[in-house]
Amino acid sequence: IINQSCSMIIFGGTGDLTHRKLIPALYHLMYQEMLPEGFAVISVGRQKKNNEEYREELYQSVLKYSRFPMDKTIWDQLCEKIYYRAFSFDEGDGYESLKADLQQMDQVHHTRGNRLYYLAVSPENFAPIVEKLKEHGVTAKRGCWQRVVIEKPFGQDLASAQQLNNRIGKVFSEQDTYRIDHYLGKEMIQNIMVIRFANTIFEPLWNHQYIDHIQITAAETEGVGSRGGYYEKAGALRDMVQNHLLQLLAITAMEPPGKNEAEAIRDEKVKILKAIHFPKDSIVHQHVALGQYRGYHMEEKVSPQSTTETYVALKLFLDCDRWKGVPFYIRTGKKLQQKTSQVVIQFKQPDKTFYKECESGCNPNLLVIKIQPEEGTLLQFNAKKPGNLQQILPVGMNFCQNCNLENNSPEAYEKLLLDVMDGDASRFTRWDEVENAWRLIDEISSSCEAALVEEYLPGGWGPEGAQQLIERSGHRWWNL
Ligand code: BG6
């Protein structure tokens, strides 16, 4: 029997993530009666305030960000389980009183000694907090589970990620370390495995014999907003590609895992991350396009001389039999025309065709996995246009799972929090995934040092170089 009861300790209790995502996610779980019976939250922050003030602020956030209407009875049930404690993360006394508070939670809220530590803080605080927890014996309870959830970014490059991992590993085992990649909690990303492995019609074609190329897009309309300070050091490559886009690529390309279990899935993803091949120096410009939106220099905490990329497109290949010669194009950028994340699988043309309409190529068969904002799949194939003339048209079978308002898809954080309580790490990244992703990003980033960061206009589809990158191979970006 899975014992989900626990105290959740949120470091960064007054931060944006807690207000926008974590507390609304807990409210949604409470609304659906999915929170364990024994449950309490202790939020830790530096600002001084009492429980009542804190709860009132959370109430306002739930009103603003929840996908469900406010039900005061449900909110009250959750709210009485939430406590606020003000201390600075390096202050030993704070951890001592946290230890006492947690024991009290076990009595009052039946949390059974289990602890879910959620680090919703800036990355420089990850390791110091974990070390303080150990130093003050907060993590010392036997016979109970103790799990730590770490937000991104997990390091800024391979070396810093390794250092961070070593420090965390001295306190929490790999099994108890849950590195968040919120994309893995998104409905349609979970659905990729179902589409591939719960059907017979796709998987036999899922290889270089039938697939021409794959495109993975995560486009945003927003700019960097108030995160300029962080973004200046990250750029699109580290902010989006290292985690979300490489995870998407890995799930799309991996071999079927032997079992639907965390370790088996993660083993297969790691093989893909190791197989990604990025060519060295001379032909780099054919494999990468970088861009920066006009006006980025004016953003808060951004240097006027900044060359940080807010857009990146890559053409990658995988060193493995299944994907021999198949390009994977990935792109992500800010201030683009449309908020959309999707995977497009473009199939090869039929070998021979006796339709003259297709002499210069039929419309390609496409399978589009729409991740957001629309969630669903589109299958495009050719059919005869009704009438006496022989005409061939592309037609689409479109399945939209969130177009119907009643189908209010869960937010990624709901699923992910439940997973941690269940001890299911399949939707979290294991260390060797992070390690191999950083190895690749470091390699790409050093090969691109001299690459041009081209300016692009907000509201379009990114720099001209990204068009050339794909058109050079006779392909085009699909903005479906
Ligand atoms: C975050 C990045 O991980 O993902 C942000 O740091 C980005 O820069 C965000 O805006 C995108 O997430 P989503 O769920 O809106 O696609």
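Residues numbered from 1 in each chain as written. Predicted model: local features only at pLDDT ≥ 70, side-chain atom pairs only at ≥ 80, totals over all residues. Heavy atoms only, no water.

- Looking at an unreviewed UniProt entry, one finds the chain named Glucose-6-phosphate 1-dehydrogenase and attributed to Geosporobacter subterraneus DSM 17957.
- The UniProt entry for the chain carries the following text under Pathway (unreviewed entry): "Carbohydrate degradation; pentose phosphate pathway; D-ribulose 5-phosphate from D-glucose 6-phosphate (oxidative stage): step 1/3."
- Here the chain is described in UniProt, under the heading Function (unreviewed entry), as follows: "Catalyzes the oxidation of glucose 6-phosphate to 6-phosphogluconolactone." (UniProt positions renumbered as here; feature names shortened; annotations may be inferred.)

### Side note on the UniProt feature "binding site: substrate" (unreviewed entry) in the chain
Consideration 1: If you check UniProt for "binding site: substrate" (unreviewed entry), the listed places come out as His-182, Lys-186, Glu-220, Asp-239, Lys-334 and Lys-339 in our numbering.
Consideration 2: If you trace the backbone, His-182 turns up in the loop between strand S6 (177-179) and helix H7 (187-197).
Consideration 3: If sequence neighbours within four positions are ignored, His-182 has contacts with His-244, Ala-412, Tyr-413 and Leu-416.
Consideration 4: Here Lys-186 falls in the buried class, since its relative accessible area comes to 14%.
Consideration 5: The contacts of Lys-186, once residues within four sequence positions are left out, are Ile-371, Gln-372 and Ala-412. (Helix = DSSP H or I, 4+ residues; strand = E, 2+ residues; numbered from the N terminus. Contact = heavy atoms within 4.5 Å. Buried < 20%, exposed > 50% of the residue type's maximum accessible area, 1.4 Å probe, protein only.)

### Examining the side chain of Ser-43
Consideration 1: Tracing the backbone shows Ser-43 in strand S2 (residues 39-45).
Consideration 2: The buried category is assigned to Ser-43, whose relative accessible area is 0%.
Consideration 3: Every residue in contact with Ser-43, bar those within four places of it in the chain, is listed here: Ile-10, Gly-13, Tyr-54, Tyr-83, Tyr-84 and Arg-85.

### Notes on the site of the ligand
Consideration 1: Every residue lining the ligand is accounted for by Lys-152, His-182, Tyr-183, Lys-186, Glu-220, Arg-227, Asp-239, Met-240, His-244, Lys-334, Lys-339 and Gln-372.
Consideration 2: Between the ligand and Lys-152 there is a distance of 2.8 Å, counted from an oxygen atom to a side-chain nitrogen or oxygen.
Consideration 3: Here an oxygen atom of the ligand sits 2.6 Å away from a polar atom, N or O, in the side chain of Lys-339.
Consideration 4: Coverage of the ligand by the protein chains reaches 81% of its 400 Å² of free accessible surface.
Consideration 5: A total of 3 residues in the shell around the ligand trace back to one element, the largest contributor, which is helix H8 (residues 228-253).
Consideration 6: Each residue belonging to the shell around the ligand can be placed in one class, and the counts come to 2 nonpolar, 3 polar and 7 charged. (Near = heavy atom within 4 Å. Polar contact = N/O pair within 3.5 Å; in protein donor to acceptor, adjacent residues only side chain to side chain. Areas by Shrake-Rupley, 256 points an atom, 1.4 Å probe, with all protein chains shown as cover. Nonpolar A, V, L, I, M, F, W, Y, C, P; charged D, E, K, R; others polar.)

### Observations regarding the pairing of strand S10 (residues 311-318)
Consideration 1: Most of S10 sits inside the fold, with 7 of its 8 residues counted as buried.
Consideration 2: With 2 bridges joining them, strand S8 (residues 276-277) and S10 adopt antiparallel strand pairing. What sits directly across from His-277, in S10, is Phe-317.
Consideration 3: Direction of pairing for strand S9 (residues 288-293) relative to S10: antiparallel, over a ladder of 4 bridges. Looking at the pairing, Leu-290 lines up with Val-312 of S10.
Consideration 4: Direction of pairing for S10 relative to strand S11 (residues 328-333): antiparallel, over a ladder of 6 bridges. The partner of Leu-314 across the bridge, within S11, is Ile-330. (Pairing = 2+ DSSP bridges.)

### Topic: the environment of Asn-114
Consideration 1: On the secondary structure map, Asn-114 appears in the loop between helix H4 (92-109) and strand S4 (115-119).
Consideration 2: Asn-114 sits 216 residues away from Ile-330 along the chain, and the two C-alpha atoms are 41 Å apart.
Consideration 3: What Asn-114 contacts, discounting residues up to four positions off in sequence, is Asn-3, Ser-5, Cys-6, Ser-7, Cys-144 and Trp-145.
Consideration 4: Within the structure, Asn-114 has its side chain in polar contact with the backbone oxygen of Ser-5 (distance 2.8 Å).

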